[in-house]
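# Summary of the model geometry
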Amino acid sequence: MSGYADIVEKIKHQFPDAIVFEQNTCDEFPTLWVNKENIVGVLGFLKKDSALRFSQLYDLSAIDEQARNNRQGQPESKFTIVYLLLSYSRNQFIRIKVGLNASKASIPSVTPVWSSANWYEREVYDMFGVNFEGHPNLRRILMPGYWQGHPLQKAHPARATEMGQFKMPEEQMLEQQDILQFKPEEWGLKSHSKNNEDFMFLNLGPQHPGTHGILRLILQMDGEDIVNIVPDIGFHHRGAEKMGERQSWHTYIPYTDRVEYLSGVMNNLPYVMTVEKMGGIEVPDRAKVIRIMLCELFRISSHLVWYGTFAQDLGMMTPVFLTFYDRERLFSIIEAICGDRMHPNWFRIGGVAQDLPEGWETLVADFVKYFPPRLKEYDKMVMKNQIFKARTIGIGVYNTEEAIDWGVTGIGLRATGLEWDFRKKQPYSGYDQFDFEIPVAANGDCYDRAKLHVEEMRQSIRIVEQCLKNMPAGPYKSTNSLTTPPDKKHTMYDIETLINHFVNVTWGPVLPAGEGFCSVEASKGNNGYYLVSDGSTTSYRTRIRTPSFPHIQFVPQYSTGYTIADLMAILGSVDFVLSDIDR
């Protein structure tokens with residue numbers, strides 16, 4: 001953890017009694033426990049100090065500690081609030097924790113420090129029941145308002161079969177419909193303008209082609225102009241984090257594919273990397289390059305869906321058929337290698353499920369040759385189209401400071417001029433061995449975000465071609481006993497080998513108590529997993545940091561003053577997925 005000593009010293013100098021414990025983790029950055037009374041001051045100091053500049057609240061979550069056995073000397077707490085901060089100027093993370101012991105846990109809100117804390121605090125309140133004092137509108141966000149209990153508490157059932165038979169009498173249905181009805185005054189919205197004219201409130205979604213899924217946006221309209229937007233999310237919530245705490249380390253991998261269902265194995269990568277970090281598992285070079293190749297193919301696949309549907313949102317019909325054709329061609333490669341298409345569940349802890357099949361080089365080489373000319377055709381059809389430009393240039397504009405404050409990552413951040421990509425700044429899985437560029441724009445509008453999507457596909461093809469030409473020999477999975485059972489042929493002669501093989505296959509690995517975090521440059525932005533092990537075969541806490549969650553929270557801030565037609569362009573340029581928002 002070199003380069004962090006000054007941070008701890010500065011905090012101790014500014015707030016002598018704030019730090020109550022310095023926790024050791026397997027991460028490359030420090031974890032500091034801070035008392036509740038100083039949390040707002042410490043976080044504000046970390047953000048604003050010119051030498052520190054931890055300007056982004058990268059994630060905010062919680063841990064229910066009540067069923068945990070291996071605390072490793074950590075301060076006593078019933079619930080632990082976890083803040084993960086990122087400094088772009090220092091290229092460093094820091095984790096701040098606060099322990100809460102009261103029967104009704106509460107902590108001051110940090111929304112005055114970061115705008116993006118609004119939804120994160122609502123999520124913690126919804127999932128854990130922790131109250132955030134001073135929050136502007138603390139209410140449920142993923143679960144409906146009539147839900148009983150807090151799902152990520154350890155006492156809450158993990159399966160529907162544990163909750164009894166579902167019944168809904170008519171009286172209950174009417175009561176719940178009334179709770180779901182939108183009431184402007186509850187959101188601090190006025191029904192009349194300054195000129196005493198009525199505002200109109202319009203539902204956009206949850207069934208609307210422009211929302212690309214079951215997302216509801218309540219629009220406050222003054223004539224044709226958008227005055228405010230209230231996103232209503234949670235329709236797609238499936239309890240992905242709760243499921244991660246009941247599955248074994250191995251059997252949770254298929255669930256990760258579906259968190260952001262357009263990027264396939266790219267969702268596996270941050271999860272297995274975190275488990276590997278916590279278990280001290282070394283991944284062979286061949287497995288690393290295979291992972292990179294598959295991730296970049298899925299990046300292209302995801303961007304092709306975005307390209308075609310974004311053009312369709314703005315009135316073009318032809319591009320979506322062509323981009324989906326190219327995606328099908330790409331899926332033939334994925335299918336040949338992984339045996340499945342959208343959700344191949346192919347990465348494993350310590351490597352990949354199997355080696356590359358015979359003939360993979362021909363399939364990949366053909367696509368590498370075929371795809372760049374197709375992108376040139378799409379440029380003529382879409383990016384150079386005058387109507388497309390008129391609908392996107394100067395629309396949905398925000399700057400770098402706003403993007404960081406609201407938790408924007410990936411293309412949405414690079415479109416404002418900040419050149420920051422995990423693959424270059426904090427290389428993982430061997431990306432530092434590849435030659436590629438990070439596309440950057442300057443205007444922060446819909447057109448720039450579209451331009452970067454297209455250029456990213458060109459860079460992904462460069463990476464895939466390098467994988468093709470430089471695929472190393474060697475094993476495709478680690479020999480670590482946590483990931484790979486003993487050779488089957490030895491189990492008939494050695495009882496210890498038989499026992500180890502049986503336990504590894506049926507129970508899966510037992511990871512040492514501890515915690516870790518890994519994040520990757522996914523197709524929609526930064527995707528990360530924060531895992532806590534209690535020294536068992538399952539994760540004690542599984543936290544998924546997805547990019548679409550903060551990105552959609554930010555949309556109302558730069559959409560006011562535009563029309564609904566402009567909002568279609570803004571939503572399309574964000575490139576979000578509902579499963580990524582709701583998990």
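What you see is a predicted model, and the numbers here were worked out from it, not measured in a lab.

The helix and strand tally for the protein stands at 19 helices and 15 strands. Over its C-alpha trace the protein gives a radius of gyration of 24 Å, about what one expects of a compact globule, namely 25 Å for 583 residues. Along the three orthogonal principal directions, the C-alpha set of the protein runs to about 85 × 60 × 60 Å. By sequence separation, contacts in the protein at least 24 residues apart represent 69% of the contacts at least 6 residues apart.

Turning our eyes to something else, we now look at the environment of L202. Among the structural elements, L202 can be located in strand β8 (residues 200-204). Through-space distance from the C-alpha of L202 to that of I218 is 5.7 Å; in sequence the pair is 16 residues apart. The contacts of L202, once residues within four sequence positions are left out, are L217, I218, L219, M221 and I564.

Let us now look at the packing of helix α1 (residues 5-14) against helix α2 (residues 39-48). The interhelical angle for the contact between α1 and α2, taken along N-to-C directions, is 130°, at an axis separation of 11 Å. The angle between the axes of α1 and α2 places the two elements in the oblique class. Relative to α2, α1 is oriented so that their crossing is right-handed. Along its contact with α1, which presents I7, K10, I11 and Q14, the element α2 presents V42, F45 and L46. By residue class, the composition of the contact of α1 with α2 is five nonpolar, one polar and one charged.

Using the criterion set out here, one finds zero disulfides in the structure. In this structure C295 is a free cysteine whose sulfur lies 9.7 Å from that of C467, the closest cysteine sulfur available. For C338, which is in no disulfide, the shortest distance to another cysteine sulfur is to C295 and amounts to 10 Å. Its relative accessible area of 9% is what places C338 among the buried residues.

With that settled, the discussion passes to the sheet that holds β8. Taken in spatial order, the three strands of this open sheet run β8-β9-β10, and their pairing is antiparallel. Among the strands making up the open sheet, the edge pair consists of β8 and β10 (225-232). Averaged over all neighbouring strand pairs, the angle between strand axes comes to 25°, with direction disregarded. Where β8 and strand β9 (residues 216-222) come together, five bridges link them in antiparallel fashion.

A word on unusual backbone geometry. What you tend to see is this: most non-glycine residues have negative phi, and most peptide bonds are trans. Backbone geometry places N91, a non-glycine residue, at a positive phi of 55°. Notably, R583 is not glycine yet its phi reads approximately 55°, a positive angle. Examined against the element boundaries, R583 turns out to sit in the segment after α19 (578-582).

What the three strands build is an open sheet, ordered β13-β14-β15; its pairing is antiparallel. Each edge of the open sheet is held by one strand with a lone partner, namely β13 (514-521) and β15 (539-545). Direction aside, the axes of adjacent strands within the sheet are offset by 10° on average. For β13 and strand β14 (residues 526-533), the ladder comprises eight bridges, and the chain directions are antiparallel.

On to α1, then. When α1 is considered as a whole, its buried residues turn out to be I7, V8 and I11. On an axial view of α1, the arc spanned by its buried residues comes to 95°, and they lie on one face. In α1, the exposed residues that point more than 90 degrees away from the buried face are A5, E9 and H13. Structurally, α1 contributes buried residues whose contacts are with β1 (19-23), β2 (31-34), α2 and β5 (92-100).

Another aspect to go through is the nonpolar core. With 164 residues, the main nonpolar core has Y83 and M293 as its most contacted residues. In this structure, M293 is in contact with I337, L356, W360, V364, V464, C467 and M471, ignoring residues within four places of it in sequence.

A few words now on the side chain of D64. Within the secondary structure, D64 sits in strand β3 (residues 56-64). No salt bridge is formed by the buried D64; its nearest oppositely charged neighbour, K154, is found at 6.9 Å. A polar atom in the side chain of D64 sits 2.9 Å from the side chain of Q66. Apart from the residues lying within four places of it in its own chain, the contact partners of D64 are K78, F79, F128, L152, Q153, K154 and Y540.

When charged atoms on two side chains of opposite charge get close, those side chains can pair. All told, the structure shown has 39 salt bridges when counted by the stated rule. Put simply, E245 and K154 hold a salt bridge, and the shortest N to O gap is 3.1 Å. One end of the pair, E245, is in the loop between α5 (240-244) and α6 (253-257); the other, K154, is in the loop between β7 (131-133) and α4 (170-180), with 91 residues separating them in the sequence. Residue classification places E245 among the buried positions, given a relative accessible area of 13%. The salt bridge partner of R423 is E296, with a shortest N-O separation of 3.3 Å. Separated by 127 residues along the polypeptide, R423 in helix α14 (residues 422-425) and E296 in helix α8 (residues 285-313) bring together distant segments of the chain. On the basis of relative accessible area, R423 is assigned to the buried category, the value being 4%. Salt bridges sharing common partners tie together D59, E123, K154, E241, E245, R541, R543 and R583.

Calculation notes
Residues numbered from 1 in each chain as written. Predicted model: local features only at pLDDT ≥ 70, side-chain atom pairs only at ≥ 80, totals over all residues. Heavy atoms only, no water. Helix = DSSP H or I, 4+ residues; strand = E, 2+ residues; numbered from the N terminus. Rg over C-alpha atoms; globule rule 2.2 N^0.38 Å. Contact = heavy atoms within 4.5 Å. Axes fitted to C-alpha atoms, helices over the stretch in contact; angles between N-to-C directions. Parallel < 35°, antiparallel > 145°, perpendicular 65-115°, else oblique. Left-handed = near helix turned anticlockwise from the far one by under 90°. Nonpolar A, V, L, I, M, F, W, Y, C, P; charged D, E, K, R; others polar. Disulfide = S-S within 2.5 Å. Buried < 20%, exposed > 50% of the residue type's maximum accessible area, 1.4 Å probe, protein only. Pairing = 2+ DSSP bridges. Arc of directions from axis to C-beta. Core = buried A, V, L, I, M, F, W, Y, C linked by side-chain atoms within 4.5 Å. Lys, Arg positive; Asp, Glu negative; His and termini not counted. Salt bridge = Lys/Arg side-chain N within 4 Å of Asp/Glu carboxyl O. Polar contact = N/O pair within 3.5 Å; in protein donor to acceptor, adjacent residues only side chain to side chain.

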